[in-house]
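Read off the chains here:
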Amino acid sequence: MYDYLASLLEDLDGIQQHPKYHPEGDTLFHSLQVFQLARQATDDPVLWAAALFHDVGKAVDSPRHAELGAEMLSGVLNPRIVWLVEHHLDLMRFPHRTRNKYAGQNRLQQLQLLRRVDVGGRDPMATVMNLQDAIELLKPHHALIAA
């Protein structure tokens, strides 16, 4: 299972993003930055995993990456992570509707944190850990795996 997850991330290596929105370059570098920012922002490994895997769908189709990424992770990772991946763009696409829909719910706070670290992970000069080290940091957290 961890080999599968690592392969999803490896597929992001070299996937370039629009430089206006992603000056940091490829999607793997961005995902590792977002993961590190999430680890600094929270002690919740569900959010760490959502941060690391939020863009895996970009290896298949960038415009539909949130939905595709959720499909790729469904049945593998905890449903909370899959939901966060699927909805990680909602605050950008539909900010008012998303805030109203999830007002008072923990989901909104999680989406807000994920959005913040996603936007923050765009530093072309950042230093990031390697992919295998990131995966190793998730392994002790058994609640991340789908039941």
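Right, let's get into the overall build of the protein. For the protein, the helix and strand inventory stands at nine helices and zero strands. Listing the helices and strands of the protein from first to last along the sequence gives α-α-α-α-α-α-α-α-α. The C-alpha atoms of the protein give 14 Å as radius of gyration, which agrees with the globular expectation for 147 residues (15 Å, within 12%). Viewed in the frame of its principal axes, the protein has a C-alpha envelope of about 40 × 35 × 30 Å. Out of the 147 residues in the protein, the part that is buried amounts to 51%. Long-range pairs, those at least 24 residues apart, make up 65% of the contacts in the protein between residues at least 6 apart in sequence. About 7,400 Å² of surface is accessible on the protein, with carbon and sulfur atoms providing 53% of the total. The average position of the 14 basic charges and that of the 18 acidic charges among the side chains of the protein differ by 10 Å.

Attention now goes to helix α5 (residues 79–87). Regarding α5, the residues found buried are Ile-81, Val-82, Trp-83, Leu-84, Val-85 and His-87. Summarising the contacts, the buried residues of α5 are in contact with α3 (45–53), α4 (65–73), α6 (90–93) and α8 (106–120).

For the rest of this paragraph, the subject is the side chain of Gln-36. Along the chain, the position of Gln-36 falls in helix α2 (residues 27–41). Given a relative accessible area of 17%, Gln-36 falls into the buried group. At 2.5 Å, the side chain of Gln-36 forms a polar contact with the backbone nitrogen of Met-129. Discounting residues that sit within four places of it in the chain, Gln-36 has contacts with Thr-127, Val-128 and Met-129.

Let's shift gears to the packing of aromatic side chains. Each aromatic ring pair is characterised by the separation of its centres together with the angle its planes make. Considering all chains together, one arrives at one aromatic pair under this definition. Judged by centre distance (5.3 Å) and plane angle (90°), the ring pair of Trp-83 and Tyr-102 falls under edge-to-face. In this pair, Trp-83 sits in helix α5 while Tyr-102 sits in the loop between α7 (95–101) and α8, placing the two residues 19 residues apart along the sequence. For the pair shown, Trp-83 and Tyr-102 are each scored as buried. Against the face of Trp-48 rests Arg-39, its NZ or CZ located 5.2 Å from the ring centre. Positioned above the aromatic ring of Trp-83 is the side chain of Arg-107, whose terminal nitrogen or guanidinium carbon lies 4.3 Å from the ring centre.

Our next topic: the nonpolar core. Nonpolar side chains tend toward joint burial in soluble globular proteins. Membership of the largest hydrophobic core comes to 42 residues, with the highest contact counts inside it found for Leu-9, Leu-52, Phe-53 and Leu-73. The dominant element in this core, judged by the number of residues it contributes, is α3, at eight residues. Contact partners of Phe-53, with chain neighbours within four places excluded, come to Leu-5, Leu-9, Leu-73, Leu-77, Val-85, Ile-135 and Leu-138.

In total, this model carries six salt bridges according to the counting rule given. The closest approach of N and O atoms between Asp-118 and Arg-115, which form a salt bridge, is 4.0 Å. Of this pair, Asp-118 and Arg-115 both sit in helix α8, three residues apart, which is roughly one turn of the helix. A residue is classified by how much of its surface remains accessible, and Arg-115, at 17% relative accessible area, is buried. Of the charged contacts, one joins Asp-118 and Arg-122 as a salt bridge, the two residues approaching to 3.9 Å between their closest N and O atoms. You can call Asp-118 buried: its relative accessible area is 3%. Connected through shared salt-bridge partners, Arg-115, Asp-118 and Arg-122 make up one network.

Rules and cut-offs
- Residues numbered from 1 in each chain as written.
- Predicted model: local features only at pLDDT ≥ 70, side-chain atom pairs only at ≥ 80, totals over all residues.
- Heavy atoms only, no water.
- Helix = DSSP H or I, 4+ residues; strand = E, 2+ residues; numbered from the N terminus.
- Rg over C-alpha atoms; globule rule 2.2 N^0.38 Å.
- Buried < 20%, exposed > 50% of the residue type's maximum accessible area, 1.4 Å probe, protein only.
- Contact = heavy atoms within 4.5 Å.
- Areas by Shrake-Rupley, 256 points an atom, 1.4 Å probe, with all protein chains shown as cover.
- Lys, Arg positive; Asp, Glu negative; His and termini not counted.
- Charge placed at Lys NZ, Arg CZ, Asp CG, Glu CD.
- Polar contact = N/O pair within 3.5 Å; in protein donor to acceptor, adjacent residues only side chain to side chain.
- Phe/Tyr/Trp six-rings, centres within 6.5 Å; stacked < 30°, edge-to-face > 60°.
- Lys NZ or Arg CZ within 6 Å of the ring centre and 35° of its normal.
- Core = buried A, V, L, I, M, F, W, Y, C linked by side-chain atoms within 4.5 Å.
- Salt bridge = Lys/Arg side-chain N within 4 Å of Asp/Glu carboxyl O.

Don't take any of this as a statement about function, it's just geometry.
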